[in-house]
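# Architecture and fold: a report
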Amino acid sequence: MNYKVYLYVIFTFLSIYTFSALDYSKILRVNKNVEAKILVFILSFAFGYLLTNFVYDFLECSKLF
C-alpha cells in the first residue's frame with residue numbers, strides 16, 4: 001500500500017495546525033487577514049511536502065516498512 005499519500009495529508013494538516021498558532025500581525029500589515037491565511041496555507045503545503053519526502057526517504061533507506 002502506498003503510504004506516501006497518507007503522509008502528505010497528515011503532515012499538511014499538522015503544519016496547518018502549527019502555523020496557525022503564529023502571530024502574523026508582526027510580519028504583515030494591519031487588516032491583512034486574508035493574506036495571512038493564504039500565507040499559512042502556502043507554507044503548510046510547502047512544509048508538508050518537505051516533511052513527507054524526508055520521512056518517506058528515511059523509511060525507504062532504513063527499510064522499516
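Structure shown above.
A brief structural summary. (Residues numbered from 1 in each chain as written. Predicted model: local features only at pLDDT ≥ 70, side-chain atom pairs only at ≥ 80, totals over all residues. Heavy atoms only, no water.)

### Focus on the overall build of the protein
- From N to C terminus, the protein includes two helices and zero strands.
- Taken over the C-alpha trace, the protein has a radius of gyration of 15 Å; the compact-globule value for 65 residues is 11 Å, which it surpasses by more than 25%.
- When the 65 residues of the protein are sorted by exposure, 22% land in the buried category.
- Put simply, of all contacts in the protein between residues at least 6 apart along the chain, 79% involve residues at least 24 apart.
- Carbon together with sulfur atoms contributes 71% to the accessible area of the protein, which is approximately 5400 Å² in total.
- Measuring between centres, the 6 positive side-chain charges of the protein sit 7 Å from its 4 negative side-chain charges. (Helix = DSSP H or I, 4+ residues; strand = E, 2+ residues; numbered from the N terminus. Rg over C-alpha atoms; globule rule 2.2 N^0.38 Å. Buried < 20%, exposed > 50% of the residue type's maximum accessible area, 1.4 Å probe, protein only. Contact = heavy atoms within 4.5 Å. Areas by Shrake-Rupley, 256 points an atom, 1.4 Å probe, with all protein chains shown as cover. Lys, Arg positive; Asp, Glu negative; His and termini not counted. Charge placed at Lys NZ, Arg CZ, Asp CG, Glu CD.)

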